[in-house]
Structures are given as C-alpha cells and as structure tokens.
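# Fold and geometry: a report
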Amino acid sequence: MKDGRSLAQRTADEIYDMIFKKRRFPSGGKLPNENELSAELGISRATLREAIRILALQGILEVRRGAGTFVSGEPALFDDYGIGSLEHVRIRLKDLYETRLLFEPPVTELACLRASNGELEAICQQGEAVAALIQAGKDRTEADQEFHRAIILASHNEFMIRLIPLINRAVSESIFVGGERVSDTSGNSGDLLAEETLRDHGLIMEFLRKRDGRGARNAMEIHIHHAIHTLGLNRLRDPLF
C-alpha cells in the first residue's frame, strides 16, 4: 500500500535509520559524499539533497559548505522520535509550540522594551524579508527563524537566548508540516500558514515600532495560536491550546 510520502521523505527516513537504528554514523560523524550515498540508496543526487534538507531542518544533519554533511553533535535529542510519520512530527511540534506559548510572548514584550533602535530596525527588516519571500512563493524557513531569533536577542536575556534552537526547530517543522498537509490532503493549510505569518508578523512589527510591549506580547501569542490551529495541533485538546 502506497504511504503517500515523497521519495525524498522516504530517503530521509532511510538515512535516519542509518544514524539511529543501524548506528552507521556517530554523533559528529561525516556522511559519505553525494555520489557514494546516492548510488548506495539508488536515488538521484537531487533527491538525496532534498532528503538531507529535510533532515537538516529537523536538526539531525548539519551541512557545512565545502566540508560535507555531518550528523548533529547532539543527535540523541532526536533519537526514537522518528521522522517518517507525519503524526510523530506533529506530536513533537505540539510540545514545541506549548513551550513557545509559555515564553515567547513575554520575551517579545521584553524585546519591545529593551531593544535599541538599531535592534528594532533589524527585526523589522528581517520581518520584511520574510514577507518578500512569502509573496514570491519562496522558502522562508531561514528568514523566518532569523526574525524570531532577532526578537529573542533583543530581549537581552541570556537564558532565553539559549532557547533559540528550540524556536528554529519549531519554525522549520511547522513549515514542513504545513507543506505535508497540503500534499497529503486537498486542503490549503500551507498557504494559510503563509498568509497568517504575513499578517501576524506585520502586527508584531507594528507594536514593536510603537514600543507597545503589551501589544507586541499579545500579537506574538496570537501568531503562535494561529499556527497551532492551522497545523491541527489543537486537536490534541490540550488546555493551553
């Protein structure tokens, strides 16, 4: 029975098994070059690159320009989660968004009050970069991560800054899950997620420019709740959602 996953996703699952089940590649270990690995897996180099991109978005692999592709230095964080099942990714994503709800709105309020004028301008420039990518129909993952990262940095709270990798995972996985929901169903959740991001980021930036801390906090909370509902994470009926 066909499982509906793309060849790239199935390839990502196979590489995942090589790392965590077969233990072929240790933490920090380097994967074979493209030619060798694509030949071993019986796929094209383009498919392999897409599979690596999926794993990199999950934080499992790191692509180092000019050096190759390596297993993350902390792969145990991802062990036993599995990425082959979209439902498994959604369960992990629910936990990530629950954590975001607890700290990202108040962090946004702190950033609004503590950021220098230059930092505020950098946040808004990054938000506009995300908007331009959405309007062009291009991948916004990295730019979206940088937008949220800039806000957290502007809070000047060292502990919160250490949580940036969590935000990066939540952003990348939400975009990935949104795209999979479009490919797996006849719905348009991926497009809706992009539209909501465009609108919500605009509202967040509006309050940041006004130095309205409470407004910025509420706008970030609304943004996170929009993603939760669009991605179907609220179906788990968690009281926070």
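Small disclaimer: the values here were computed from a predicted structure and weren't measured.

### Description of helix α5 (residues 117-136)
Compared with the 28 Å implied by 1.5 Å per residue over 20 residues, the 29 Å span of α5 between its first and last C-alpha is a close match. All buried positions along α5 are accounted for by Leu120, Ile123, Cys124, Gly127, Val130, Ala131 and Ile134. Angularly, the buried residues of α5 cover 110° about the axis, an arc narrow enough to put them on a single face. One or two positions beyond α5, positive phi appears at Gly137, with a value near 70°.

### Some details on the pattern of salt bridges
One pass over the full model with this rule turns up 15 salt bridges. A salt bridge links Arg209 to Glu128, with the shortest nitrogen-to-oxygen separation between them at 3.0 Å. Linking Arg209 in helix α9 (residues 189-210) with Glu128 in helix α5, this pair joins segments that are 81 residues apart in sequence. Given a relative accessible area of 48%, Arg209 falls into the partly exposed group. Note that Arg162 is salt-bridged to Glu158, the shortest N-O span being 3.3 Å. The exposure classification of Arg162 matches that of Glu158, with both residues exposed. In the salt-bridge network here, residues are joined through shared partners; they are Glu34, Arg45 and Arg49.

### Looking at helix α3 (residues 45-57)
Here α3 contains 13 residues, and its C-alpha end-to-end distance of 18 Å stays within 8% of the 18 Å for a straight helix at 1.5 Å per residue. Looking at α3, one finds that the buried residues are Thr47, Leu48, Ala51, Ile52, Ile54, Leu55 and Leu57. Phi for Gly59, located one or two positions after α3, is positive at around 85°.

### Here's the deal with the packing of aromatic side chains
Per the counting criterion, the structure on display carries one aromatic pair. Sitting above the plane of the Phe70 ring, Arg64 keeps its charged end 4.0 Å from the centroid.

### Description of the pairing of strand β2 (residues 68-71)
On any regular strand, side chains alternate: one points to one face of the sheet, the next to the other face. Bridge count for strand β1 (residues 61-64) against β2 is four bridges, and the pairing is antiparallel. Bridge pairing links Val63 to Thr69 in β2. From the end of β1 to the start of β2, which pair antiparallel, there are three residues, and Gly66 there has a positive phi angle of about 85°.

### Some details on the nonpolar core
In terms of nonpolar packing, the biggest core is built from 32 residues, with Tyr97, Ile123, Phe147, Ile151, Ile204 and Leu208 touching the most fellow members. Mapped by element, the contributors of at least two residues to this core are α4 (86-114), α5, α6 (141-154), α9 and α10 (213-230). The residues touching Phe147, leaving out its near neighbours within four places in the chain, are Ile123, Gln126, Gly127, Val130, His201, Ile204 and Met205. If you look at the next biggest cluster of nonpolar residues, it comprises 20 residues, including Ile15, Ile19, Phe25 and Ala51.

What counts and how
- Residues numbered from 1 in each chain as written.
- Predicted model: local features only at pLDDT ≥ 70, side-chain atom pairs only at ≥ 80, totals over all residues.
- Heavy atoms only, no water.
- Helix = DSSP H or I, 4+ residues; strand = E, 2+ residues; numbered from the N terminus.
- Expected span 1.5 Å × (residues − 1).
- Buried < 20%, exposed > 50% of the residue type's maximum accessible area, 1.4 Å probe, protein only.
- Arc of directions from axis to C-beta.
- Salt bridge = Lys/Arg side-chain N within 4 Å of Asp/Glu carboxyl O.
- Phe/Tyr/Trp six-rings, centres within 6.5 Å; stacked < 30°, edge-to-face > 60°.
- Lys NZ or Arg CZ within 6 Å of the ring centre and 35° of its normal.
- Pairing = 2+ DSSP bridges.
- Core = buried A, V, L, I, M, F, W, Y, C linked by side-chain atoms within 4.5 Å.
- Contact = heavy atoms within 4.5 Å.

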